[in-house]
Amino acid sequence: MRLCFNPDLVLRPDVDRAVVFVRDEIESGLNAFVQFLHPRHAVLLAMFNGDRAVEDGLRDWAYVGGLPGPEAAREELAGLVRSWGHLPLLLPREFLGGRAIPRYDPASFVVPANRVDLDTRRCKQPIDFLHVVTFRCVVDCVYCYSRPAGATRELLPLERLAELLEEAGQLGIKTVVLSGGDPLCHPRAADLIELYVAHGITPKVSTKVPLSDRGARRLRQAGLENIQVSIDAMDESFHDSLVSRPGHHRKLLASLDHIRDAGLRLRTNTVVTSRNYPDALRLIPYLAERYENLVKIELSPYGRSLYRHDDGLFLSSEQQIDLREHVARYQARYPQIRIHASEGGGTTDRRPHDRKLEDHRNRAVCSGGRWGFTLLPDGQVTICEELYYHPAFLVGHLRRQSIMEMWTSRELHSLLCPEQSQALGPCSTCPIFAECHYGRGRCYKRALQGYGIDHPDWPDPKCPYAPEPRRF
C-alpha cells in the first residue's frame, strides 16, 4: 500500500512550524479549520507522497527521525494519525482514483529545534484572503451589507494584482473569495479570474449577474470551476422586489441553466427575510431536482447591515426555528447536496452567565488578521469584508506594500493585540480582555452591528460581559 497526504487538506510551512488547513470547503465538504503542527510531524507526513510503499517510508523515517527502527516509526506515525481523530491525514493512493496527489518537500519543513513555535495562535504567513473586486452591482438589494457611501474607488490595476499574486503563490495561498458589490461587474472579470488561476489560486465567486450562455462558458474557459448564485425566492415578485430590479428573477433562472450547460458546479445562497419567508423554502426542491451540478444550498437569515438596515426584515424567533426544521428535513431528502441555514438576526441572549461564558470561550476563531485578510477594490486592506473603509480597521495598502509587509505591520499587530489601557467602552474594564483579544479574537463586525458604527472598541454582543445590544 502507498500512502499520500489527504488532498482535501494543505500542509504548508509557517516559518517556525507547519500549518494544516482545508483546501476547498465546497469540494471536500469539510468545515474550515487551521491547525498548527510540529515541524517533525510535517516532515514525516511529507515523506508519504504516494510513490513509495508504506514500509519504505517507515524505514526512511526511522533513519531521518533518529528512531531505532521501522516499528518505532510506525508507532510514531500511528500516534500522529490517532491524534487527529476522525479526520484522515494520510490516505491510500489507490482510493483517490485520478485525483492529483499533493507532493511536499520534507526539507521545506525543517526548523532548528530551538526555534520551533507552537504557542503563537496567529499564522506567520496568511493562508487565504478575500478580494472585494468592485462595489459595482447589477441590483440594489434592500438588505445589502455592501457599498457604504463614498466607497467607489479607483480599481487596483491588474498589473499590480499580478505582482501580488506572484507573492501570494510563493506564500502558499491556495484560495481567494471574490466579492463585491458583484465581482462579475468588474470590467475585466474573466481576465481577473484567469489571473488568479494562472497563479495556482482557486477563486470562489458569488454573483447576481444573469449570465448568458457565452458568458458562462467564458468563465469556465477562464478556469472557474464553481460559482455561487444568489437567488432569493421562488416567486418572481418576491425576488424582484428584494433586489429592486423587475425581471431579474426570470433572467437569473435562465442563467442557472447556462451555468449548468457550461459545466460549472453550482452553489446558491438565499437571504431569508420576513418578506420572502416561507416562499424561499420552495427554492430547495426546485433547485435540488433540476440541477445535477448543484453542490450546496445556503439559506442566510437576514442580519443587520451596517450601511442599510430595516428592522422589518428580521425573521421572528418562530420563523428561524421553522427554517432550521425545514432545512433538516430537506437535507434528509437530498443527501447528495449540502443544505445549510446560517446564523442570523441575533437577539438578546437570556441564558445564565456561566452558559454564555462557556459558549464564548468555545466560539469560532476570527480569521481576520490571524490567517486571512480582505483586499479592498483600490488596494487598501481591512480586517473583515463588512467593515470596508472604517478607519479603525484599515491595516495596510497593497498598492505600495507587499503582502508580508502588511501582514507584519504595526497597524495589524496593534489591532489584534490592543492594550487594555487604551481601550474605550466596556472592554476597558473587562476581566477576560486578554483572553478574548489575544486568543480567538473579538468579532468587530458584530460589535458595530450591536452598538453602532461609532463604537469600534466595544465588545462582541455575544460576550457575557457585554451590555445589552440592539438586535443584530
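Shown above is the structure to which this text applies.
Quick notes on the rules
Residues numbered from 1 in each chain as written. Predicted model: local features only at pLDDT ≥ 70, side-chain atom pairs only at ≥ 80, totals over all residues. Heavy atoms only, no water. Pairing = 2+ DSSP bridges. Helix = DSSP H or I, 4+ residues; strand = E, 2+ residues; numbered from the N terminus. Axes fitted to C-alpha atoms, helices over the stretch in contact; angles between N-to-C directions. Phe/Tyr/Trp six-rings, centres within 6.5 Å; stacked < 30°, edge-to-face > 60°. Buried < 20%, exposed > 50% of the residue type's maximum accessible area, 1.4 Å probe, protein only. Lys NZ or Arg CZ within 6 Å of the ring centre and 35° of its normal. Contact = heavy atoms within 4.5 Å. Expected span 1.5 Å × (residues − 1). Arc of directions from axis to C-beta.

Asks: Give a description of the sheet that holds strand β5 (residues 49-53) that names residues and reports values.
Replies: Sheet architecture is open: 3 strands sit in the order β5-β1-β6, paired in antiparallel fashion. Edge positions in the sheet fall to β5 and β6 (90-92), since each has one partner strand and no second. On average, each strand axis in the sheet is inclined to that of its neighbour by 30 degrees, with strand direction left out of account.

Asks: So what's going on with the packing of aromatic side chains? Which residues, and what values?
Replies: Geometrically, a pair of aromatic rings is defined through the distance of the ring centres and the angle of the planes. Taken as a whole, this structure holds 15 aromatic pairs when the rule is applied. Seen from their ring centres, Phe-393 and Tyr-444 are 5.2 Å apart, and the 50 degrees between their planes marks the pair as tilted. Within this pair, whereas Phe-393 is found in the loop between β15 (380-382) and β16 (394-397), its partner Tyr-444 is found in helix α16 (residues 444-451), the two being separated by 51 residues in sequence. Both residues of the pair, Phe-393 and Tyr-444, count as buried. Grouping aromatic residues by their ring pairs yields a cluster made of Phe-129, Tyr-196, Phe-373 and Trp-407. Between the NZ or CZ atom of Arg-17 and the centre of the ring of Phe-36, over which it lies, the distance is 3.8 Å. The ring of Trp-407 carries Arg-122 above its face, with NZ or CZ at 4.3 Å from the centroid.

Asks: Tell me about the side chain of Asp-378, and name the residues and values.
Replies: In this structure, Asp-378 sits in the loop between β14 (372-375) and β15. On the basis of relative accessible area, Asp-378 is assigned to the buried category, the value being 8%. Not counting residues within four places of it along the chain, the set of residues in contact with Asp-378 comprises Arg-153, Glu-154, Leu-156, Tyr-389, His-397 and Arg-399.

Asks: Give a description of helix α11 (residues 317-333) that names residues and reports values.
Replies: Compared with the 24 Å implied by 1.5 Å per residue over 17 residues, the 25 Å span of α11 between its first and last C-alpha is a close match. What α11 keeps buried is the set Gln-320, Leu-323, Val-327 and Tyr-330. In a view along the axis of α11, the buried residues occupy a sector of 90 degrees, so they form one face of it. Seen from the buried face of α11, the exposed residues on the opposite side, beyond 90 degrees, are Glu-318, Ile-321, Ala-332 and Arg-333.

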